[in-house]
Amino acid sequence: MRNPKRIFTYVFLSIATFISVFPFLWMIISATNKSVDVTKGRLLPGNYLFENLTKLIETTDLWTALWNSARISVLTTILSIIIASLAGYGFEMFRSKAKDVVFNILLLSMMIPFAALMIPLYQMFAGISNTIPGIGIDTVASVMLPTITTAFLIFFFRQNSKMFPKDMLEAGRIDGLTELGIFFKIFMPTMKTTYAAAGIITFMSSWNSYLWPLIVLQSPNQKTIPLLISTLGSGYAPDFGLIMVAIVIATLPTAIVFFVMQKHFVAGMTGSVK
Amino acid sequence: MNAKKRGLSMTAKYNLTGWGFVLISVVMIGSFYFYPMIQALFLSFKTGTGTNLTYTGFSNYTRLFSDTTFRTALFNTFIYLIVQVPLMILLAMFISVLLNDSKLKFRGFFRTAIFLPAVTSLVAYSVVFKYLFGSDGLINAMLLKLSIISAPVEWITDPFWAKITIIIAITWRWTGYNMIFYLSALQNIDGSIYEAARIDGASAFKQFTQITVPLLKPVILFTSVTSTIGTLQIFDEIVNITKGGPGNSTMSISNYIYNLSFKYTADFGYAATVSYVIVILIVLLSFLQFKVAGDKK
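The structure displayed is predicted, hence computed values, not measured ones. (Residues numbered from 1 in each chain as written. Chains lettered and ligands numbered in written order. Predicted model: local features only at pLDDT ≥ 70, side-chain atom pairs only at ≥ 80, totals over all residues. Heavy atoms only, no water.)

### So, the overall build of chain A
To keep things clear, this is the line we draw: Segments assigned H or I by DSSP are reported as helices when at least four residues long, segments assigned E as strands when at least two residues long, and all are numbered from the N terminus. Summary of the burial criterion: residues with accessible area below 20% of their type's maximum are buried, those above 50% are exposed, and those between are partly exposed, where the area comes from a 1.4 Å probe applied to protein chains only. Between two residues, a contact is recorded if the distance between any of their heavy atoms is within 4.5 Å. For accessible areas, the Shrake-Rupley method is used with a probe of radius 1.4 Å. Any residue's cover is judged against the shown protein chains and nothing else. Only four residue types enter the tally: Lys and Arg on the positive side, Asp and Glu on the negative side, with His and both chain ends excluded. Charge coordinates come from a single atom per side chain, which is NZ of Lys, CZ of Arg, CG of Asp or CD of Glu.
Regarding its fold elements, chain A presents 15 helices and zero strands. Viewed in the frame of its principal axes, chain A has a C-alpha envelope of about 70 × 70 × 35 Å. Taking all 274 residues of chain A together, 55% fall into the buried category. The long-range fraction of contacts in chain A, counting pairs at least 24 apart against all pairs at least 6 apart in sequence, stands at 70%. Carbon and sulfur atoms form 69% of the exposed surface of chain A, whose accessible area is close to 12400 Å². A distance of 11 Å separates the average location of the 20 positive side-chain charges in chain A from that of its 12 negative side-chain charges.

This is the structure:
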């Protein structure tokens, strides 16, 4: 126990832990303090949490932003995992040479930087605005559409459907289920953990996404939480206590999901499920 | 004969069903990745403001060479890349090796805590960092109190320190995330290899360089490629911590593309040209990393 290597390990990991956790603690403490105290770097919790929260609700569109973020993230998550799992299942269960080629081409899209897509995508949705207003700029559809399908998620589902017992497929066919029926009634319920992991990672990236919403969502009543925080943070006379409450609120959903479903969370992020 | 024919049509039917399953994804990725990617290439040969665009040949590409803002943005992005990616990868690897000790107490606690930054939104943590690193912020206050510095460091407003702040911020956010990949790879390494090495008298350092690193090669490659792709596109942190300033001293290529398209008078053609620089860099650097890392693959 007393060997120096062990001691070094504990000291090093404790420092790393402190650095990792400290900004969270400070953010939570600051949410309970007055703006002046936040700038002074006060490290003790205060009793301004309620006041900060009330001010946040009164002076900003917090509810609208929360509703927009929630709506976009939940819809994106549901559609994403259905579409990607259909494809991952299709590529694995109905394997053919041509499909493998297509799959590899899809994987290449992971290398495409968003920076190179944002201008043509913006033009695409600006163009659609005139013909189909429902999915043009400044709509929920325009934020969601480019982010719903990712090659990463298709890959993730394909990898995991390798573990799905093929005899269950045959059993379903003998029972007279349609191919879609097998997918929805047998595959989906069996792969619950895979869906959980994929759902978490998709929800998180959608909830946190910034650049694309910044480009397409222009009117104030469409703003999402990251956009709201960014605007608050760059104001001329920022109220730091208020901003910290907003940041805590923005971080809560993903933090809760993380603590409740840590295993699925990590599996979704790293793209692997045991 | 008849049976064979029926068998074939069954295969054809299965094959078609399979295409049905993958259809939506193929259409979506085609329309929202590959199609705009090609559009951007066309755009890069056009010039004009807003939607008034005409073909100009290579003029956007020649403009790159005389554009000092572009050069600054490219330089900054490279600094982030060269300093931050190796630093973070080494740190992630080091922490995971420390954590991969079954006799270690509070292992789960350390792992969870170090991974925690990966759950935050880039915007939220950036704003927190902006205040922590402010001129009269907590970091300066602590460093002053500990007498590490004698005057406040201008973390946000000094061109040199602002880059350091950005690098610290990204490293904070992503080290734990990358660490998870190393941890899961380390857990798959058979312990008896180390046993044999120890019997042969290999030192801990030698075990690390001769056994651990070679076995971790695929993960090192994966994390380097994904981190490179990520850092080359860095945007959220810079907008929310320094706004690209002071001057343009922290501006990245993605910031510049955004400014060219949506902040200054919209110059989509030139912005697309700049964006293709990132595409080319990603292809080149990924290729290079695969070359360096993979003697077999």
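Let's pick the thread back up.
### Let's talk about the side chain of Asn33 of chain A
Residues and elements named next belong to chain A. Quick reminder of the rule: Any N or O atom pair separated by 3.5 Å or less is treated as a polar contact, with the protein-specific requirement of one donor-capable and one acceptor-capable atom, and with residues adjacent in sequence counted only for side-chain atom pairs.
Tracing the backbone shows Asn33 in the loop between α1 (4–31) and α2 (35–39). Residue classification places Asn33 among the buried positions, given a relative accessible area of 1%. Looking at Asn33, its side chain comes within polar contact range of the main-chain nitrogen of Gly46, at 3.1 Å. Ignoring sequence-local partners within four residues, the contact set of Asn33 consists of Val38, Arg42, Leu44, Pro45, Gly46, Tyr48, Asn52 and Gly241.

### Here's the deal with the UniProt feature "transmembrane region" (unreviewed entry) in chain B
Residues and elements named next belong to chain B. Defined as follows: UniProt positions are given in the numbering used here, feature names are shortened, and annotations may be inferred rather than shown by experiment.
Taking the numbering used here, the UniProt-annotated feature "transmembrane region" (unreviewed entry) corresponds to residues 12–35, 78–100, 112–133 and 268–288. As annotated, residues 78–100 comprises 96% helix and 0% strand, and the C-alpha atoms at either end are separated by 32 Å. Here residues 112–133 runs as 68% helix and 0% strand, with 25 Å between its end C-alpha atoms.

### Remarks on unusual backbone geometry
Residue and element names in this part refer to chain B. Even without being a glycine, Ser147 presents a positive backbone phi close to 60°. Note on placement: Ser147 falls in the loop between α6 (138–145) and α7 (159–187). For Lys243, which is not glycine, the phi dihedral falls at a positive 55°. You can see Lys243 is positioned in the loop between α10 (236–241) and α11 (253–263). With a relative accessible area of 57%, Lys243 lands in the exposed category.

### Regarding the nonpolar core
The criterion, for reference: By convention a nonpolar core is built from buried Ala, Val, Leu, Ile, Met, Phe, Trp, Tyr and Cys residues, the set being connected through side-chain atoms within 4.5 Å.
Ranked by internal contacts, the top residues of the largest apolar core, which has 180 residues, are Trp26, Tyr89 and Ile247 of chain A together with Ile257 and Val274 of chain B. Each residue touching Tyr89 of chain A, except ones within four places of it in the same chain, is listed here: Phe94, Ser161, Leu169, Ile182, Phe183 and Phe187 of chain A together with Phe21 of chain B.

### A word on the UniProt feature "transmembrane region" (unreviewed entry) in chain A
In the numbering used here, UniProt assigns the "transmembrane region" (unreviewed entry) feature to residues 7–29, 70–89, 101–122, 134–157, 195–216 and 236–260 of chain A. For residues 7–29 of chain A, the end-to-end C-alpha separation is 31 Å, with 100% helix and 0% strand making up the annotated structure.

### A look at the interface of chain B and chain A
To keep it simple, the criterion reads: Any carboxyl oxygen of Asp or Glu within 4 Å of a side-chain nitrogen of Lys or Arg constitutes a salt bridge here. Residue type decides the class: Asp, Glu, Lys and Arg count as charged, Ala, Val, Leu, Ile, Met, Phe, Trp, Tyr, Cys and Pro as nonpolar, and the leftover types, Gly among them, as polar.
With 80 residues of chain B at the interface, the matching set in chain A holds 90 residues. One can count one salt bridge joining chain B with chain A. In this structure, Arg6 of chain A and Asp101 of chain B form a salt bridge, with 2.6 Å as the shortest nitrogen-oxygen distance. Inspection of the chain B/chain A interface yields 10 residue pairs in polar contact (both at pLDDT 80 or more). The greatest single-element share of the side of chain B that touches chain A, amounting to 22 residues, is contributed by helix α1 (residues 2–43) of chain B. Among the residues forming the side of chain B that touches chain A, the class breakdown is 57 nonpolar, 15 polar and eight charged.

### Examining the packing of aromatic side chains
The line we're drawing: Pairs were defined over the aromatic rings of Phe, Tyr and Trp, the Trp ring being its six-membered one, requiring ring centres within 6.5 Å. Orientation was assigned from the angle between planes: stacked under 30 degrees, edge-to-face over 60, tilted for the rest.
For the coordinates displayed, the defined rule picks out 47 aromatic pairs over all chains. Centre to centre, the rings of Phe94 of chain A and Phe21 of chain B are 5.5 Å apart; their planes meet at 20°, and the pair counts as stacked. Highlighted residues: Phe94 of chain A in the loop between α4 (62–93) and α5 (97–108) and Phe21 of chain B in helix α1, drawn from two different chains. Accessibility classification places Phe94 of chain A together with Phe21 of chain B in one group, the buried group. On the basis of an interplanar angle of 55° and a centroid distance of 5.0 Å, the ring pair of Phe157 of chain A and Tyr195 of chain A is categorised as tilted.

### With respect to the UniProt feature "domain: ABC transmembrane type-1" (unreviewed entry) in chain A
If you check UniProt for "domain: ABC transmembrane type-1" (unreviewed entry), the listed places come out as residues 66–261 of chain A in our numbering. Counted over residues 66–261 of chain A, helix gives 78% and strand 0%. Its end C-alpha atoms are 22 Å apart.

### A word on the environment of Tyr256 of chain B
Residue and element names in this part refer to chain B. Tracing the backbone through its elements, the reader meets Tyr256 in helix α11. For the pair Tyr256 and Leu74, spaced 182 residues apart in sequence, the C-alpha to C-alpha distance is 9.5 Å. Sequence-distant contacts of Tyr256, that is, excluding residues within four places in its chain, are made with Asp67, Thr69, Phe70, Ala73, Met251, Tyr264, Tyr270 and Val274.

### Overview of the pattern of salt bridges
All names here are of chain A. As enumerated under the stated definition, the model contains 10 salt bridges over all chains in all. The partner of Glu92 in a salt bridge is Arg158, and the shortest N-O contact between them spans 2.9 Å. Of this pair, Glu92 sits in helix α4 while Arg158 is found in helix α8 (residues 151–161), placing the two residues 66 residues apart along the sequence. Both residues of the pair, Glu92 and Arg158, count as buried.

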